[in-house]
Amino acid sequence: MESQARGGTRWKRFAVVMVPSVAATAAIGVALAQGALAASFSVSGQQFKVSADLLKGKGFVQYGTLDTQHGGKKIPVAVSAFKSAKIKGLCQSVVIPVPLFGDVSLKLTAGNGGKEVEAKNLFIDLDQLEADATFRGINIGVAAGDTSKGPDGDTNKKDPSSFGQEADSVTLKGVKQTAWATNAGTFKLSGLSMKVSKGKNECY
């Protein structure tokens, strides 16, 4: 799933979210509860939370676009992509409201006890994030259609002349984010643990 096709729009004004700190934290999005998503899909009406102790990634790119929910509603997101990423202390949680029963939480962890989560050709659609970030070889303000450091085969629908940024590599610490969707070519989850519980039991 190295290529994608999503609903697109013109994002000349989307640069407000495209700052280095946002770009960095964007890199950590992981679709554990949702699984590897198809190249063309409608996102659910629920976001999921992701946190990580440390992420080291290579070949980073970011730009703005729209996701489409089931039913046609458009959601503005920042798409962040990596050629490869290694993650320590990964946690993902999603809370699902169940009629007549209440909230049910699905929480997954991986990459603990000296193990790492590994991903290749990773794409993340997010709208909120926090982290301490260090970029290497970063270019800010690159035309989205001219970025070259991210994954090969990126066919997301985007305005090729809109704001984008890219970096050779990035190191992220103390990552927290909310995301709508993730797509990865491969995802290796070492030490995976999953728990389902009643009520809200989130990563942060």
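What comes next is a walk through the structure.

Reading the values: the criteria
- Residue numbering note: each chain is counted from 1, following its sequence as written.
- pLDDT decides what is reported in this predicted model: residues at 70 or higher carry local features, side-chain atom pairs at 80 or more are listed and counted, and totals for whole chains, interfaces and linings draw on all residues regardless.
- Hydrogens and water are ignored here; the side-chain numbers use all heavy atoms of the structure.
- Within this document, salt bridges are pairs made up of a side-chain nitrogen of Lys or Arg and a carboxyl oxygen of Asp or Glu, the two lying within 4 Å of each other.
- In DSSP terms, a helix is any run of H or I states spanning at least four residues, a strand is any run of E spanning at least two, and both are numbered starting from the N terminus.
- Partly exposed describes any residue whose relative accessible area lies between the buried limit of under 20% and the exposed limit of over 50%, with all areas from a 1.4 Å probe on protein chains only and scaled to the type maximum.
- Two cysteine sulfur atoms form a disulfide, by the criterion used here, when they sit within 2.5 Å.

## Quick word on the pattern of salt bridges
Link 1 in the chain: Considering all chains together, one arrives at 2 salt bridges under this definition.
Link 2 in the chain: Linking Lys-49 and Glu-202 is a salt bridge whose minimum nitrogen-to-oxygen distance equals 3.6 Å. Separated by 153 residues along the polypeptide, Lys-49 in strand E1 (residues 48–68) and Glu-202 in the segment after strand E8 (193–198) bring together distant segments of the chain.
Link 3 in the chain: Of the charged contacts in the structure, one is a salt bridge between Lys-149 and Asp-168, with a shortest N-O distance of 3.1 Å. Of the two residues, Lys-149 sits in the loop between strand E6 (139–143) and strand E7 (163–189) while Asp-168 sits in strand E7, which places them 19 residues apart along the sequence.
Link 4 in the chain: Asp-168 sits in the partly exposed class, given a relative accessible area of 43%.

## Notes on the state of the cysteines
Simply put, the disulfide is a covalent bond whose two ends are the sulfur atoms of two cysteines.
Link 1 in the chain: Applying the stated criterion to the full structure yields 1 disulfide.
Link 2 in the chain: For Cys-91, the disulfide goes to Cys-203, at an S-S distance of 2.0 Å. Sign of the S-S torsion, about -85° for the bond between Cys-91 and Cys-203, identifies this disulfide as left-handed. Pair noted here: Cys-91 is in strand E3 (residues 90–98) and Cys-203 is in the segment after E8, with a separation of 112 residues, a long-range link.
Link 3 in the chain: Residue Cys-203 is classed as buried on the basis of its relative accessible area, which comes to 18%.

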